[in-house]
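Fold and geometry: a report
Below are the chains, spelled out letter by letter.
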Amino acid sequence: MRKKKILVACGTAIATSTVVARKISELLAAKGYSVNIDQCRSAEVPGKLHGVDLIVTTTQAPLNGTGAIPVIQTISFLTGVGMEADIEKIISFIKE
Amino acid sequence: MDIDDMLKPDLILDNLEADTREQALESMARILLSKGYVKESFVPAILDRERKYPSALPMEGHKIAVPHTDAEHVNRSAILFARLARPVEFLSMGAPDETLSVQLISMFALHEKKQIGYMLEVLINAYQDNDTLEAILNAQNAEEIYALLRGAVGAQMTGEKPERDW
């Protein structure tokens, strides 16, 4: 089975999305899911979509050109509030 | 790069006077500039970034802002932490139409994202603990704030080694 790919987007792609990518990876691993995670700025999303199954973004800025790829907008992985519900949501998109 | 290279006693500001978030951010950015951590361009960049992507996080209890901007404006990585004299209004990262009252600001000057991902995660984990933020808000002075922060980060770091470098 091909590993699913999650693209994590934020404003600068240096701090916020780094933390979110690490959290998602760890929480999914704890539940037995292994995924590929890439991170980028919100503005770079259109050029980073190849092979992407799900986008997680921390900003409210509208993302362009995402087409049929599902997008989850959340800051739960930073605040800790609602994190478990969001992981379940992510799993619902990435499981076969 | 170790946590003690970024989180230092002289990078804790207590009782910082500011009437607006812009004043708080500019004062903090200028302190990083005066200490050589960032370039002159960091100051307008951090203000511009805050306008485009608000940085306040509505944790379970207290709120905290985590302003940061692009690596090109930074010379050396550092975390500048401030407790303001009074809370100021920030906009929420997740909902920019929502105003949050913020008294604690953790400004990240990040030069290289590799190797610091783990430290950022540990810091954010510490900020997610309401007891830690409560203790910081009630601390007597900057030294106590530093001790609380360093202790919270240290407690998170025991045992678990970083497995990835992002």
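Everything that follows concerns the structure shown earlier in this document.
Residues numbered from 1 in each chain as written. Chains lettered and ligands numbered in written order. Predicted model: local features only at pLDDT ≥ 70, side-chain atom pairs only at ≥ 80, totals over all residues. Heavy atoms only, no water.

**A short note on the interface of chain B and chain A**
Basically, it comes down to this: Whether two residues touch is decided by their heavy atoms; if any such pair falls within 4.5 Å, the residues are in contact. We count a salt bridge whenever a side-chain nitrogen from Lys or Arg sits within 4 Å of a carboxyl oxygen from Asp or Glu. Identification of polar contacts relies on pairs of N or O atoms within 3.5 Å, with a donor-acceptor requirement for protein atoms, meaning one able to donate a hydrogen and the other able to accept it, and with residues adjacent in sequence counted only if both atoms are side-chain atoms. Helix and strand assignments come from DSSP, with helices taken as H or I runs of at least 4 residues and strands as E runs of at least 2, each series counted from the N terminus. Residue polarity is assigned by list, with Asp, Glu, Lys and Arg as charged and Ala, Val, Leu, Ile, Met, Phe, Trp, Tyr, Cys and Pro as nonpolar; anything else, Gly included, falls into the polar class.
If you look at the interface, chain B gives 28 residues, while chain A gives 27 residues. At the boundary of chain B and chain A, one finds 2 salt bridges. Two residues, Arg-41 of chain A and Asp-70 of chain B, come together in a salt bridge whose shortest N-O distance is 3.0 Å. In this structure, the connection of chain B to chain A is made through 10 residue pairs in polar contact (both at pLDDT 80 or more). No other element matches helix α4 (residues 117-127) of chain B, which puts 6 residues into the side of chain B that touches chain A. Along the lines of polarity and charge, the residues of the side of chain B that touches chain A split into 14 nonpolar, 7 polar and 7 charged.

**What to know about empty space enclosed by the protein**
Our working definition: A cavity here means a set of 1 Å grid points, computed over protein atoms only, where a 1.4 Å probe fits but cannot escape. A pocket is an open set with protein on both sides within 12 Å along at least 5 of 7 lines, and lining residues have an atom within 4 Å of a point. Grid points are joined across faces, edges and corners, and a volume is the space filled by probe spheres set on the points.
Under the counting rule described, the total for this entry stands at 2 cavities of 30 Å³ or more. Here the largest cavity defines a volume of roughly 50 Å³. Around the largest cavity sit Ala-15, Thr-16, Val-19 and Leu-78 of chain A together with Leu-57, Val-66, His-68, Met-93, Phe-108, Leu-120 and Ile-124 of chain B, which together line it. Among the elements of the structure, α1 (16-30) of chain A together with α4 of chain B are those that each provide at least two residues to the lining of the largest cavity.

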